[in-house]
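Reading the structure
What follows is the residue order along each chain.
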Amino acid sequence: MGWAEAETDRASLPDARLKRRLSRVLEQLSAQPTESIPAASGTWADTKAAYRLFDNDRVDAVDILDGHSRATLRRIAGEPVVLLVQDTTFLSDIRDLRGRGVGTLRLTKRAESLLHPSVAFSESRVNLGVLGHHFWQRPTERAGRRRAVCPLEEKESYRWLLGYDMACALQALNPDTLVVNVADREGDIYEWLLAGEFDERVSDRAGYLIRAQHDRRVAQSANRSLWETLAQAPVLGQTRISITQRPGRRARVATLNVRSR
């Protein structure tokens, strides 16, 4: 059994032929991940078969990911530490409504979807697989000021809490594995800090590492902010990173101090 067959073996697809086709498509796309579907498929027959799979009303993203997620869970069970990283990516489909070569003006139609996956990594930076995802489209009408009064469950930021719930469920399934959920600045929401508050009576709370966006107060007794507290922490080491040039910003090498509290 090849790796693609192993990944799709327990997928909940309604037809064995669909499972075989999914396995073949995975092998073809993984061999040339930067190519288009026709280029990676190689033949016109395989190209049509791939598009038929994606256009099949009996197959959705959850079905396609199901077998892989189960295989990911098996790999996670053998790891002492697992980083469950979540983030949002934008999938944009921009099409010209007028042909090229008719001047500088272009009329385009833009369709945008958002994908928020949770990807598991080992301590040694091995990608263990995608554990789950959320997929949605923004409404055409902007939320505007209504965002401030909307329930949390109706906001896009709620996906971060769902991702943390997934990490906690993973921790409960693997008590011998340390599960740490990782998020970018968008994940710095107060509700997450409440959900992840340490309680020695609760054993299934996953750890979390969030890139801070807000200068929160870290201890009411000391009345100190996050930035102030870290600025007073000892420097554990330094690292250097190259910053690329952007409009209004020159290229440079920055030195970062590493602190911990």
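Cut-offs and rules
Residues numbered from 1 in each chain as written. Predicted model: local features only at pLDDT ≥ 70, side-chain atom pairs only at ≥ 80, totals over all residues. Heavy atoms only, no water. Helix = DSSP H or I, 4+ residues; strand = E, 2+ residues; numbered from the N terminus. Buried < 20%, exposed > 50% of the residue type's maximum accessible area, 1.4 Å probe, protein only. Contact = heavy atoms within 4.5 Å. Phe/Tyr/Trp six-rings, centres within 6.5 Å; stacked < 30°, edge-to-face > 60°. pLDDT = per-residue confidence, 0-100. Polar contact = N/O pair within 3.5 Å; in protein donor to acceptor, adjacent residues only side chain to side chain. Axes fitted to C-alpha atoms, helices over the stretch in contact; angles between N-to-C directions. Parallel < 35°, antiparallel > 145°, perpendicular 65-115°, else oblique. Left-handed = near helix turned anticlockwise from the far one by under 90°. Nonpolar A, V, L, I, M, F, W, Y, C, P; charged D, E, K, R; others polar. Salt bridge = Lys/Arg side-chain N within 4 Å of Asp/Glu carboxyl O.

Before going further, it helps to spend a moment on the overall build of the protein chain. The number of helices and strands found in the protein chain is 8 helices and 10 strands. A total of 261 residues make up the protein chain; the buried ones form 28% of that total. Taking as baseline every contact in the protein chain between residues at least 6 positions apart, the subset at least 24 positions apart corresponds to 55%.

Let us look at the packing of aromatic side chains. Applying the stated criterion across every chain, the model contains 3 aromatic pairs. Ring centres of Y164 and W192 lie 5.5 Å apart, and the angle between their planes is 40°; this geometry places the pair in the tilted category. With Y164 in helix α6 (residues 158–173) and W192 in helix α7 (residues 190–195), this residue pair connects regions lying 28 residues apart in the sequence. Judged by its relative accessible area of 0%, Y164 is buried. Where Y164 meets Y208, the ring centres are 6.0 Å apart and the plane angle is 90°; that geometry is what we call edge-to-face. Placement of Y164 in helix α6 and of Y208 in strand β6 (residues 207–210) is noted, with a sequence separation of 44 residues between them.

This part is about the confidence of the model for the protein chain. Averaged over all residues, the pLDDT of the protein chain equals 86, while 87% of them reach at least 70. Per-element confidence in the protein chain is highest for strand β1 (residues 81–86), whose mean pLDDT is 97, and lowest for strand β2 (residues 89–96), whose mean pLDDT is 76.

At R125, a position not held by glycine, the phi torsion is positive, near 70°. Among the structural elements, R125 can be located in the loop between β3 (108–122) and β4 (127–136).

On to the side chain of D188, then. By the secondary structure assignment, D188 is in the loop between β5 (178–183) and α7. Given a relative accessible area of 5%, D188 falls into the buried group. At 3.0 Å, the side chain of D188 and the side chain of R216 are in polar contact.

Take the packing of helix α2 (residues 16–31) against helix α4 (residues 44–54) next. To characterise two packed helices, one gives the angle between the axes of the helices and the distance between these axes. Taken N-terminus to C-terminus, the directions of α2 and α4 make an angle of 120°; their axes are 10 Å apart at the nearest point. It follows that α2 is oblique to α4 by the angle criterion. Classified by chirality, the crossing of α4 by α2 is left-handed. For the pair α2 and α4, contact is made by L18, R21, L22, R24, V25 and Q28 and by D46, A49, A50, L53 and F54, respectively. For the contact of α2 with α4, the residue count by class is 7 nonpolar, 1 polar and 3 charged.

The final tally for this structure, using the stated rule, is 7 salt bridges. Between E7 and R75 there is a salt bridge whose closest N-O contact spans 2.8 Å. Placement of the pair is E7 in helix α1 (residues 3–8) and R75 in helix α5 (residues 61–76), with a sequence separation of 68 residues. Under the relative-accessibility criterion, E7 is labelled buried at 11%. Overall, the relative accessible area of 31% leaves R75 in the partly exposed class. In this structure, R21 engages D46 in a salt bridge whose closest nitrogen and oxygen atoms are separated by 3.5 Å. Of this pair, R21 sits in helix α2 while D46 sits in helix α4; the two residues are 25 residues apart in sequence, bridging distant segments of the chain. We classify R21 as partly exposed; its relative accessible area is 22%. Note on D46: relative accessible area 10%, which makes it buried.

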